[in-house]
Amino acid sequence: MAEAFHPIVDGKITYGRRINKLSYDEKTKKTSVSWYEHETKSTESKTYDKTIVAVPFSVARLWRLPSFNSVIKEAITGLGYSYACKVSVSTSCPLPRCP
(Lines give C-alpha, C1' and ligand atoms only; values in the text may rest on other atoms or scores of the structure.)
Protein backbone atom coordinates (compact mmCIF):
# COMPACT_ATOMS: atom_id res chain seq x y z
CA MET A 1 0.00 0.00 0.00
CA ALA A 2 1.25 3.48 -0.79
CA GLU A 3 2.81 5.27 2.18
CA ALA A 4 0.51 8.27 1.57
CA PHE A 5 -2.52 6.23 2.67
CA HIS A 6 -1.13 5.01 6.01
CA PRO A 7 -2.23 8.05 8.08
CA ILE A 8 -5.77 7.60 6.76
CA VAL A 9 -6.18 3.84 6.98
CA ASP A 10 -3.91 2.60 9.78
CA GLY A 11 -6.03 0.94 12.43
CA LYS A 12 -8.93 0.62 9.99
CA ILE A 13 -7.58 -2.20 7.83
CA THR A 14 -8.01 -5.90 8.43
CA TYR A 15 -5.57 -8.25 6.74
CA GLY A 16 -5.66 -12.01 6.24
CA ARG A 17 -9.36 -12.68 5.82
CA ARG A 18 -10.51 -14.97 3.05
CA ILE A 19 -13.55 -13.08 1.76
CA ASN A 20 -16.30 -15.12 0.11
CA LYS A 21 -19.08 -12.57 -0.43
CA LEU A 22 -19.54 -8.84 -1.02
CA SER A 23 -22.94 -7.20 -1.12
CA TYR A 24 -23.88 -3.55 -1.57
CA ASP A 25 -27.00 -1.98 -0.07
CA GLU A 26 -28.25 0.83 -2.33
CA LYS A 27 -30.44 2.21 0.46
CA THR A 28 -27.70 2.59 3.09
CA LYS A 29 -24.84 2.94 0.57
CA LYS A 30 -22.78 0.43 2.57
CA THR A 31 -20.95 -2.77 1.70
CA SER A 32 -21.29 -6.01 3.62
CA VAL A 33 -18.27 -8.30 3.61
CA SER A 34 -18.58 -11.98 4.56
CA TRP A 35 -15.84 -14.47 5.36
CA TYR A 36 -15.45 -17.89 6.93
CA GLU A 37 -13.91 -17.82 10.40
CA HIS A 38 -11.99 -21.09 10.85
CA GLU A 39 -11.55 -20.71 14.61
CA THR A 40 -15.30 -20.56 15.29
CA LYS A 41 -16.23 -22.60 12.19
CA SER A 42 -18.85 -20.03 11.20
CA THR A 43 -19.45 -17.38 8.58
CA GLU A 44 -18.88 -13.86 9.87
CA SER A 45 -20.04 -10.62 8.29
CA LYS A 46 -19.43 -6.92 8.84
CA THR A 47 -20.80 -3.79 7.15
CA TYR A 48 -18.56 -0.90 6.10
CA ASP A 49 -19.02 2.62 4.74
CA LYS A 50 -16.03 2.21 2.42
CA THR A 51 -14.45 -1.03 1.27
CA ILE A 52 -11.22 -1.68 -0.60
CA VAL A 53 -10.47 -5.32 -1.34
CA ALA A 54 -7.15 -6.36 -2.87
CA VAL A 55 -7.23 -9.83 -4.40
CA PRO A 56 -6.33 -11.39 -7.73
CA PHE A 57 -9.24 -11.41 -10.18
CA SER A 58 -8.90 -15.18 -10.33
CA VAL A 59 -9.95 -15.22 -6.66
CA ALA A 60 -12.70 -12.60 -7.11
CA ARG A 61 -14.25 -14.82 -9.80
CA LEU A 62 -15.13 -17.32 -7.09
CA TRP A 63 -17.01 -14.78 -4.94
CA ARG A 64 -20.68 -13.89 -4.93
CA LEU A 65 -20.42 -10.25 -6.04
CA PRO A 66 -22.82 -7.34 -6.51
CA SER A 67 -23.48 -6.06 -10.03
CA PHE A 68 -20.65 -4.06 -11.56
CA ASN A 69 -20.44 -1.98 -14.70
CA SER A 70 -19.40 -3.84 -17.86
CA VAL A 71 -15.74 -2.73 -17.72
CA ILE A 72 -15.14 -4.06 -14.19
CA LYS A 73 -17.19 -7.19 -14.87
CA GLU A 74 -15.12 -7.95 -17.99
CA ALA A 75 -11.86 -7.38 -16.10
CA ILE A 76 -12.89 -9.85 -13.39
CA THR A 77 -14.21 -12.53 -15.74
CA GLY A 78 -11.87 -12.07 -18.69
CA LEU A 79 -8.40 -11.46 -17.29
CA GLY A 80 -6.13 -14.46 -17.75
CA TYR A 81 -4.32 -16.34 -15.02
CA SER A 82 -1.01 -14.53 -15.39
CA TYR A 83 0.85 -11.95 -13.36
CA ALA A 84 -1.26 -8.83 -13.65
CA CYS A 85 -2.46 -6.06 -11.41
CA LYS A 86 -5.55 -3.97 -11.99
CA VAL A 87 -7.03 -1.59 -9.48
CA SER A 88 -10.53 -0.20 -9.51
CA VAL A 89 -11.53 2.33 -6.87
CA SER A 90 -14.74 4.32 -6.98
CA THR A 91 -15.07 7.13 -4.45
CA SER A 92 -17.06 10.31 -4.15
CA CYS A 93 -13.88 12.27 -3.33
CA PRO A 94 -10.13 11.78 -3.80
CA LEU A 95 -9.00 9.12 -1.30
CA PRO A 96 -6.41 11.15 0.59
CA ARG A 97 -9.11 13.78 1.30
CA CYS A 98 -12.07 11.50 2.08
CA PRO A 99 -13.40 11.85 5.61
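Residues numbered from 1 in each chain as written. Predicted model: local features only at pLDDT ≥ 70, side-chain atom pairs only at ≥ 80, totals over all residues. Heavy atoms only, no water.

1. A few points about the packing of aromatic side chains
The cut-off we apply is this: Paired rings are identified among Phe, Tyr and Trp, the last through its six-membered ring, by centres lying within 6.5 Å, and are further divided according to the angle between planes into stacked (under 30 degrees), edge-to-face (over 60) and tilted (the rest). A ring is scored as having a charge over it whenever the NZ atom of a lysine or the CZ atom of an arginine sits within 6 Å of its centre and within 35 degrees of its normal.
Considering all chains together, one arrives at zero aromatic pairs under this definition. Over the face of the ring belonging to Trp 35 we find Arg 17, whose NZ or CZ atom lies 3.8 Å from the ring centre.

2. Considerations on the sheet that holds strand S2 (residues 30-37)
For clarity, the cut-off: We treat two strands as partners when DSSP finds at least two bridges between them. Only DSSP runs of H or I with at least four residues qualify as helices, and only runs of E with at least two residues qualify as strands; both kinds are numbered from the N terminus onward. Where helices are involved, their axes are fitted lines through C-alpha atoms of the stretch in contact, as for all axes, and angles between N-to-C directions lie from 0 to 180°.
If you walk across this open sheet you meet the three strands as S1-S2-S3, and the pairing is antiparallel. A strand with exactly one partner marks an edge of an open sheet, and here the two such strands are strand S1 (19-25) and strand S3 (42-48). Taking each pair of neighbouring strands and ignoring which way they run, the sheet shows an average axis angle of 20 degrees. Two strands pair when backbone bridges link them, and S2 and S3 are joined in this way by seven bridges, in the antiparallel orientation. Its bridge partner lying in S3, Ser 34 is registered against Ser 45.

3. Concerning the pattern of salt bridges
What counts, and what does not: A side-chain nitrogen of Lys or Arg and a carboxyl oxygen of Asp or Glu constitute a salt bridge if their distance falls within 4 Å.
The full count for this structure, using the stated rule, is two salt bridges. Its salt-bridge partner being Lys 29, residue Glu 26 comes within 3.1 Å of it at the nearest N-O pair.

4. Examining the nonpolar core
Operational definition: Nonpolar core, defined: a set of buried Ala, Val, Leu, Ile, Met, Phe, Trp, Tyr and Cys residues in which side-chain atoms within 4.5 Å join the residues together. Here the term buried applies to any residue with accessible area under 20% of the maximum for its type, exposed to any over 50%, and partly exposed to those in between, with areas from a 1.4 Å probe on protein chains only. Should any heavy atoms of two residues lie within 4.5 Å, those residues are considered in contact.
Among the nonpolar cores identified, the biggest contains eight residues, and these are Ile 19, Leu 22, Val 33, Trp 35, Phe 57, Ala 60, Trp 63 and Ile 76. Elements that contribute at least two residues to this core include exactly S1, S2 and helix H2 (57-60). Residues within four places of Val 33 in sequence aside, it is in contact with Ile 19, Lys 21, Leu 22, Glu 44, Ser 45, Lys 46, Tyr 48 and Thr 51.

5. Notes on a nonpolar patch on the surface
We apply this condition: Grouping into patches uses exposed residues only, defined as over 30% relative accessible area, and leaves out salt-bridged ones; the cut-off is 9 Å for like charges and 5 Å for nonpolar side chains (Val, Leu, Ile, Met, Phe, Trp, Tyr). Working definition of accessibility: Shrake-Rupley area with a 1.4 Å probe, residue cover restricted to the visible protein chains.
On the surface, Val 53, Val 55 and Val 59 cluster together into a nonpolar patch covering about 170 Å² of accessible area. Residue Val 59 is classed as partly exposed on the basis of its relative accessible area, which comes to 33%.

6. What about the pairing of S2?
Bridge count between S1 and S2: six bridges; the pairing is antiparallel. By the bridge assignment for S2, Asp 25 is matched with Lys 30.

7. A closer look at the side chain of Thr 31
With respect to the secondary-structure elements, Thr 31 resides in strand S2. Ignoring any residue separated from it by four or fewer positions in sequence, one finds Thr 31 in contact with Leu 22, Ser 23, Tyr 24, Lys 46, Thr 47, Tyr 48 and Thr 51.

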